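Single-letter residue listing:
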Amino acid sequence: MRLALLSFPSFYAWVLTGVVAALVGCGHIPGRPGPGPEVSRPEAVLDFATLYKANCAACHGEDGRGGAAIALANPVYLAIAGEDNLREITAKGVSGKLMPPFAKSAGAMLTDQQVEVLAHGMMGKWSKPNLLAGLSIPQYKPTLAGDSARGQQAFGIYCARCHGVAGEGTTRDAKNGTGKVGSIVNGSYLALISDQGLRSIVIAGLPDEGMPDWRTDAAQPMTDQQITDVIAWLASKRTSNPGQPYPTGQ
């Protein structure tokens, strides 16, 4: 039996056609996933919304409020703190408290540029320029020495109506809404929050919870010295072993 022989050029063309067909066919195998979207490297993400959702929303709330931590969508807080302090806190965190650092320089994951995007984005999204223009505003960080005895007196004037004379909480009156205001001298609470955290709340208030800022409901706003003194009094309520003696179970 004679076998038909292909000329060398014809054989080469046949083989090449087969290889091309095989390669094209492999890309269309049923069930094989197609090419997915390109995924950016973590350090290349510079979108504020993406960075905020991944790093901040769990504690500070999806839209800067409603979380366990201080509301960032509070224009008074942003006006007092300023972008530089936001950048520093985001980068370095608060040592020994619940706010962790986020910058690579502090052992975390975000680049300096990403930290800058977060701080700048918070100001751009939630601040109100000139909100406190013309007012005598307290310093974000204390510059005066605090006195706990004076602080107790100031607390009685500005805070006791809602928080109780001793800071152990009370039931709100009709003007402020119903419900109990919890203790702010609770040892476990004070162990979790820094003096600066307390100061930020006293100055900026908690608008979502009905707590006014340092201008308060009183005839005169709190002075910087009175704020510093109140924080000194609250800090004096910290204990070395918060939460003890532990409650006994049945």
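Please refer to the structure higher up on the page.
Summarised in this report is the structure supplied together with it. Predicted, not measured: the structure shown is a model, and the values here were computed from it.

What counts and how
Residues numbered from 1 in each chain as written. Predicted model: local features only at pLDDT ≥ 70, side-chain atom pairs only at ≥ 80, totals over all residues. Heavy atoms only, no water. Helix = DSSP H or I, 4+ residues; strand = E, 2+ residues; numbered from the N terminus. Buried < 20%, exposed > 50% of the residue type's maximum accessible area, 1.4 Å probe, protein only. Contact = heavy atoms within 4.5 Å. Polar contact = N/O pair within 3.5 Å; in protein donor to acceptor, adjacent residues only side chain to side chain. Axes fitted to C-alpha atoms, helices over the stretch in contact; angles between N-to-C directions. Parallel < 35°, antiparallel > 145°, perpendicular 65-115°, else oblique. Nonpolar A, V, L, I, M, F, W, Y, C, P; charged D, E, K, R; others polar. Salt bridge = Lys/Arg side-chain N within 4 Å of Asp/Glu carboxyl O. Core = buried A, V, L, I, M, F, W, Y, C linked by side-chain atoms within 4.5 Å.

### Some points on the environment of I193
Item 1. Its location among the elements puts I193 in the loop between α8 (187-192) and α9 (195-204).
Item 2. Judged by its relative accessible area of 14%, I193 falls in the buried class.
Item 3. C-alpha separation for the pair I193 and A69, spaced 124 residues apart in sequence, amounts to 9.8 Å.
Item 4. Those residues in contact with I193 that lie beyond four places of it in its chain are K97, L198, I201 and R238.

### Here we look at the side chain of Q114
Item 1. Structurally, Q114 can be placed in helix α5 (residues 112-126).
Item 2. Of the residues examined, Q114 reaches a relative accessible area of 1% and is grouped as buried.
Item 3. A distance of 2.8 Å separates the side chain of Q114 from the backbone oxygen of P42, its partner in a polar contact.
Item 4. Aside from chain neighbours lying at most four places away, what touches Q114 is P42, E43, A44, V45, L46, L51 and M109.

### Some details on the packing of helix α6 (residues 148-158) against helix α10 (residues 224-235)
Item 1. At a minimum axis separation of 7 Å, α6 and α10 run at an interaxial angle of 105°. By the angle between their directions, the pair α6 and α10 is classed as roughly perpendicular. Note on element contacts: α10 touches α6 through Q225, Q226, D229, V230, A232, W233 and L234, opposite S148, R150, G151, Q152, A154, F155 and Y158.
Item 2. Class assignment of the residues belonging to the contact of α6 with α10 gives a composition of seven nonpolar, five polar and two charged.

### Quick look at the pattern of salt bridges
Item 1. Evaluation of the coordinates by the stated rule reveals 10 salt bridges.
Item 2. The partner of R150 in a salt bridge is D229, with the nearest N and O atoms 2.8 Å apart. A residue pair is termed long-range when its members are at least 10 positions apart, and R150 in helix α6 and D229 in helix α10 qualify at 79 residues.
Item 3. Judged by its relative accessible area of 38%, R150 falls in the partly exposed class.
Item 4. Here the salt bridges do not stand alone but share partners, grouping E83, D84, R87 and E116 into one network.

### Topic: the packing of helix α2 (residues 48-55) against α5
Item 1. α5 packs onto α2 with a crossing angle of 105° between their chain directions and a minimal axis gap of 9 Å. On the basis of the axis angle, α2 is roughly perpendicular to α5. Residues F48, L51 and Y52 of α2 pack against Q114, V117, L118, G121, M122, K125 and W126 of α5.
Item 2. Looking at the contact of α2 with α5 residue by residue, the class counts come to seven nonpolar, two polar and one charged.

### A closer look at the nonpolar core
Item 1. Membership of the largest hydrophobic core comes to 46 residues, with the highest contact counts inside it found for Y52, Y77, L118, M122, W126 and L234.
Item 2. Leaving out residues up to four positions away in the same chain, L118 has contacts with F48, L51, Y52, C56, T90 and L110.

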